[in-house]
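As a plain string of letters, each chain reads:
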Amino acid sequence: MGYTLTEKIIYSHIKDKTLPKKNEEFYLDIDYTLTQDATGTLVYLEFMSMGLETVRTKLSLSFVDHNTLQTGFENADDHLFLETVADKYGILFSKAGNGICHQVMLERFTKPGITLLGSDSHTPTSGALGALAIGAGGLDVAVALSGKPFKMKMPEIVNIKLTGKLKKYVSAKDIVLEVIKRVGTKGGLNKIFEYSGDGASALSVFERATICNMGAEMGLTSSIFESDTKTLEFLKLEKRSEDYIELKADEDAIYDSIININLEEVEPLVACPYSPGNVKPLKELIGLKVDQVLIGSCTNSSYKDMATVASILKGKKVSSDVSFGINPGSRQVLKMMSDSGVLSTLISAGARILESSCGPCIGMGQAPRTDSVSFRTYNRNFLGRSSTLSAKVYIVSPIIASIIALYGEVVDLDKIDINLDEFTTPSTFDIDDSMILAPSFKKDVIMGPNITPIPKFDKLEKKLNLPIILKLKDDISTDDIMPAGAKILPFRSNIEKLSDFSFYNFFKGFKAKALENKNSVILAGLNYGQGSSREHASIIPRYLGIRAILALSFSRIHRQNLINFGIVPIEISANLYESLNEDELINLDFSNLDKNIVYINDDEVKTSFTQNEIDILKEGGLLNTI
Ligand code: MIC
Ligand code: SF4
């Protein structure tokens, strides 16, 4: 029996040489780690509390890409902290301006066949180069930095077979939106999507990256493409062909399921407000007036994306009704745009040029106006993520975004004729790693006043009588729990300050109510904690006294983050969910947690924690056990 690509990488990264069974827990050796500044400060505070002298991975990278607006001293303090930590403990440090972590990883570091763990949910972007790349909570990354393997469940491996050729105006973004349309935002839980077929082989690494990136929007553990001639082509351009190895699934590999997609049938798609899962054919929106168009983010900010946009806008001006912004994914992309004339074309067309960073994707600047319609090439459109609650954000490809920018509205593609110049890959790429600092192991760690220690949490009591302070619906995202944006993101290293903003977009009184009750629980529907890997969405509720969350289901990364910080994530039935109400007092009995039984009032609820998770929960969190 042959192996899938994922199984081959897992097999070469486990100690005992038998592949785990489906859903069985196992330990994966991690080669590389990545952090970004919005999650990284906590990762390194956690790592430092472990008392090691250096990191124990093959390669670790610390990026500054989220918090680069610097409206006060806070961001810059975080940057210096991260830089000095990297220097002291042996981590490569990518400075602000060098680019978005996932784009730079792809360009300069990821190799086929490696394992990568990152404190950002879009870490699987590196699957485009045949790596097994997984997003995780900060504490899990801190543990990996200390050289320990990553605990995970053996996922289901699904083969996504792409056949045929894409039609005009259809691109990689539409392929991944088609996949999301089919499986939904909850459809990827504990799964890895492995792409193959002639349609996959024809895609460049840039296009593969767009597809792997948005696997996060389905809750996937990861997404991966084979390492083939396109991979080699890309690595040659990045002057690192020595990193290439061919890596393919065996012909007779057995998958848990197969999804066939005929690319000829894929049409231009759009994810409508307020979920990346709300996918519709673009033609259903014909006539919709648009106020803002933004191109960039880790999903669509490669040189190819920017050159495609320029080929559509060459010699033209965007609509005067549209504010049109671009954020190139990396300094390499920006420099190549400048050298090739792509940048000049976009400036002439009316583009506002933003720094190579996450920018408006995480609400850092360019918040749209009240009640506006914004079309973006990004990956998430949760309510309020743009920093404007009343704005409606739609997600599309760079081709569609550029056409919309030209006309100021969604047009009927059958009624226009736009010449899409075939993108030609430049014969050389601009290689300059001077904004990536190598460690000297000499500097002292500098902590500005905005960086405060991680609070300590108590052990779990056996019996608790607590109020339900919030009853929520399905699909609550980490952006709902702990929003980002220019006002809030600067406090990612300051738990007390940050806690003022929990559930801020729809329940400003959350903190006061939580503090009034001292300890309490939250009740939620399906897929609680979807989206980002930010562990702040569990630390802050824990800090405000939340001891358990009762939900119909949890997203993978958030469930782990809750356990890591001592909040008990309890999956409950729909009947129990219906029968419980906000402000009701409930009895929680954890006396039989070792047997995976919790009592909620008189109801016996079976849980599925591993012994290790039970030990962590009883201790009040992972840090208490280390
Ligand atoms: C996001 O896209 O939501 C983020 C910001 O990149 C997060 C990480 C964070 O909240 O810092 C993610 O995707 O994990
Ligand atoms: Fe940055 Fe947006 Fe990508 Fe998150 S999704 S890493 S905020 S560009």
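Rules used in this analysis
- The numbers attached to residues start from 1 for each chain and follow its sequence in the written order.
- Throughout, the order in which chains and ligands are written sets their labels, letters from A for the former and numbers from 1 for the latter.
- Local features in this predicted model are restricted to residues of pLDDT 70 or higher, and side-chain atom pairs are both shown and tallied only at a pLDDT of 80 or more, whereas totals for entire chains, interfaces and linings draw on every residue.
- In computing side-chain properties, one takes all heavy atoms of the structure into account and sets aside hydrogens as well as water.
- Only residues whose relative accessible area exceeds 30% and that form no salt bridge are eligible for patches; like-charged ones are grouped when within 9 Å, while nonpolar side chains (Val, Leu, Ile, Met, Phe, Trp, Tyr) are grouped when within 5 Å.
- Each accessible area value is a Shrake-Rupley result obtained with a 1.4 Å probe; residue values ignore everything except the protein chains displayed when judging cover.
- Salt bridges are counted wherever a side-chain nitrogen of Lys or Arg sits within 4 Å of a carboxyl oxygen of Asp or Glu.
- Helix and strand labels come from DSSP, where a helix needs a run of H or I of at least four residues and a strand needs a run of E of at least two; each type is numbered from the N terminus.
- When we say a residue is near a molecule or strand, we mean one of its heavy atoms is within 4 Å of it.
- Site definitions follow a grid-based scheme: protein atoms alone, a 1 Å grid, a 1.4 Å probe that fits but cannot get out for cavities, and for pockets an open set with protein on both sides within 12 Å along at least five of seven lines, plus lining residues having an atom within 4 Å of a point.
- For a molecule to be placed in a cavity or pocket, more than half of its atoms must lie within 2 Å of the grid points of that cavity or pocket.
- Classes in brief: Ala, Val, Leu, Ile, Met, Phe, Trp, Tyr, Cys and Pro nonpolar; Asp, Glu, Lys and Arg charged; the others, Gly included, polar.
- Note on ring pairs: Phe, Tyr and Trp rings are taken, using the six-membered ring of Trp, and paired if centres are within 6.5 Å. Classes follow the plane angle, with under 30 degrees stacked, over 60 edge-to-face and the rest tilted.
- For every residue, the accessible area obtained with a 1.4 Å probe (protein chains only) is divided by the maximum for its type, and the residue is called buried under 20%, exposed over 50%, and partly exposed between those limits.
- Over a ring means this: the NZ of a Lys or the CZ of an Arg is within 6 Å of the ring centre and within 35 degrees of the ring normal.
- Within this scheme, the nonpolar core is defined by two criteria: the residues are buried Ala, Val, Leu, Ile, Met, Phe, Trp, Tyr or Cys, and they are joined through side-chain atoms within 4.5 Å.
- Residues count as neighbours in contact if any of their non-hydrogen atoms are within 4.5 Å of one another.
- N or O atoms closer than or at 3.5 Å make up a polar contact, with two conditions inside protein: a donor-capable atom paired with an acceptor-capable one, and, for residues adjacent in sequence, both atoms drawn from side chains.
- By definition, the arc is the one covered by directions from the helix axis to the C-beta atoms.
- Strand pairing is defined by DSSP finding a minimum of two bridges between the two strands.
- Here an axis means a line fitted to C-alpha atoms, over the contact stretch when the element is a helix, while the angle between two N-to-C directions is reported on a 0 to 180 degree scale.
- Grid points are joined across faces, edges and corners, and a volume is the space filled by probe spheres set on the points.

Visitor: Looking at this structure, I do not really get a nonpolar patch on the surface. What am I missing?
Guide: There is a patch of nonpolar side chains on the surface, built from Met1, Tyr3, Tyr11 and Ile254 and spanning about 430 Å² of accessible area. Tracing the sequence through the fold places Ile254 in the loop between α9 (229-237) and β11 (257-262).

Visitor: When you look at the site of ligand 2 in this model, what are you seeing that I'm missing?
Guide: Neighbouring residues of ligand 2: His66, His102, Asp120, His122, Ser297, Cys298, Cys358, Cys361, Ile362, Asn379 and Arg385. One can see that ligand 2 is located within the largest cavity. Here the shell around ligand 2 is composed, by residue class, of four nonpolar, five polar and two charged.

Visitor: Explanation requested: the packing of aromatic side chains in the structure shown.
Guide: Each aromatic ring pair is described using two quantities: the centre-to-centre distance and the angle formed by the ring planes. All told, the structure shown has 12 aromatic pairs when counted by the stated rule. With a centroid separation of 6.2 Å and 20° between ring planes, the pair formed by Tyr3 and Tyr11 is classed as stacked. Among the residues examined, Tyr3 registers a relative accessible area of 31% and is labelled partly exposed. Residue Tyr11 is classed as partly exposed on the basis of its relative accessible area, which comes to 31%. Linked through ring pairs, Phe503, Phe506, Phe507 and Phe510 together constitute an aromatic cluster. Taking NZ or CZ as reference, Lys17 lies 5.3 Å from the ring centre of Tyr11, over its face. Against the face of Tyr504 rests Lys508, its NZ or CZ located 4.5 Å from the ring centre.

Visitor: Would you mind going over the pattern of salt bridges with me for this structure?
Guide: Close approach of charged atoms lets side chains of opposite charge pair. Counted by the stated rule, this structure contains 37 salt bridges. Lys111 serves as the salt-bridge partner of Asp243, at 3.9 Å between the closest nitrogen and oxygen. Of this pair, Asp243 sits in the loop between α9 and β11 while Lys111 sits in the loop between α4 (101-109) and β5 (115-118), and the two are 132 residues apart along the sequence. The exposure class assigned to Asp243 is buried, which follows from its relative accessible area of 15%. The shortest N-O distance in the salt bridge between Lys248 and Glu246 comes to 3.6 Å. Among the ionic contacts, a cluster of salt bridges with common partners joins Glu25, Lys151, Arg559 and Glu613.

Visitor: So what exactly am I meant to see when it comes to the nonpolar core here?
Guide: For soluble globular proteins, the rule of thumb is that nonpolar side chains tend to be buried together. In terms of nonpolar packing, the biggest core is built from 102 residues, with Tyr528, Ile570, Leu588, Phe590 and Ile600 touching the most fellow members. At six residues, the largest contribution of residues to this core is made by helix α5 (residues 138-145). Aside from chain neighbours lying at most four places away, what touches Phe590 is Leu460, Glu461, Lys462, Leu464, Ala548, Val568, Ile570 and Val598. Tyr195, Val333, Met337 and Ile400 belong to the second-largest nonpolar core, a separate cluster that totals 83 residues.

Visitor: What is the right way to look at the site of ligand 1 in this model?
Guide: Close contacts around ligand 1 come from 14 residues, with His66, Asp120, Ser121, Ser533 and Arg534 the closest. At 2.8 Å, a side-chain N or O of His66 approaches an oxygen atom of ligand 1. Considering ligand 1 on its own, with 340 Å² of exposed area, one finds that the protein chains cover 97% of that surface. Most atoms of ligand 1, that is more than half of them, are within 2 Å of grid points of the largest cavity. Its residues placed into classes, the shell around ligand 1 shows two nonpolar, seven polar and five charged.

Visitor: I would appreciate a short explanation of α9 in the present structure.
Guide: An α-helical turn contains 3.6 residues, so a residue and the one three or four places further along point in the same direction. Buried within α9 are the following residues: Thr231, Phe234, Leu235 and Leu237. Along the axis of α9, the buried residues cluster in a sector spanning 160°; they form a single face. Exposed positions of α9 whose direction lies more than 90 degrees from the buried face are Thr229 and Lys236. Close packing links the buried residues of α9 with α4 and α8 (205-213). N-cap assignment for α9: the residue whose side-chain oxygen lies 3.1 Å from the backbone N of Lys230 is Asp228. Among the residues trailing α9, Lys239 stands out with phi positive, at a value near 55°.

Visitor: Got a minute to help me understand the sheet that holds strand β23 (residues 568-571) in this structure?
Guide: Two pairing modes exist for strands in a sheet, parallel and antiparallel, and in both the strands are linked by backbone hydrogen bonds. One open sheet holds the seven strands; their spatial order is β23-β22-β21-β20-β24-β25-β26, and the pairing between them is mixed. Two strands close off the open sheet at either side, each with one partner strand: β23 and β26 (603-606). Along the sheet, successive strands turn relative to each other by an average axial angle of 30°, direction set aside. As paired elements, strand β24 (residues 585-589) and strand β25 (residues 597-600) share two bridges and run antiparallel to each other.

Visitor: Help me understand the environment of Pro455, please; the structure alone is not making it clear to me.
Guide: Within the fold, Pro455 resides in the loop between β19 (436-437) and β20 (463-471). Along the sequence, Pro455 and Glu496 sit 41 residues apart, while their C-alpha atoms lie 9.2 Å from each other.

Visitor: Is there a simple way to think about empty space enclosed by the protein in this case?
Guide: Applying the stated criterion to the full structure yields five cavities of 30 Å³ or more. A volume near 230 Å³ is recorded for the largest cavity. For the largest cavity, the lining is made up of 22 residues, of which Gln36, His66, Asp120, Arg380 and Arg385 are closest to its centre. Breaking the lining of the largest cavity down by element, the ones donating at least two residues are α2 (37-48) and α4. Residues belonging to the lining of the largest cavity are distributed by class as follows: seven nonpolar, 10 polar and five charged. Considering only enclosed or pocket space, the second largest cavity measures out at about 170 Å³ in volume. Lining the second largest cavity we find 16 residues, and of these Ala216, Gly219, Gly531, Ser555 and Ile557 sit closest to its centre. The residue inventory of the lining of the second largest cavity, partitioned by class, reads five nonpolar, nine polar and two charged.

Visitor: Where do I start with the pairing of β26 in this structure?
Guide: Successive residues of a regular strand alternate their side chains across the two faces of the sheet. Bridge count for β25 against β26 is four bridges, and the pairing is antiparallel. Across the sheet, the residue bridging to Ile597 is Lys606, located in β26. Here β25 hands over to β26 after two residues, with Asn601 in that stretch at a positive phi of 50°.

Visitor: I keep staring at the sheet that holds strand β2 (residues 32-36) and nothing clicks. Help me out?
Guide: Across the sheet, which stays open at both edges, the six strands sit in the order β6-β5-β2-β3-β4-β19 with mixed pairing between neighbours. Bordering the open sheet on either side are β6 (132-135) and β19, each of which pairs with just one other strand. For β5 and β6, the ladder comprises four bridges, and the chain directions are parallel. By the bridge assignment for β6, Leu117 is matched with Ile134. Running at roughly 140° to β2, α5 makes contact with β2, β3 (59-63) and β5 of the sheet.

Purely geometric stuff here, so don't read any function into it on its own.
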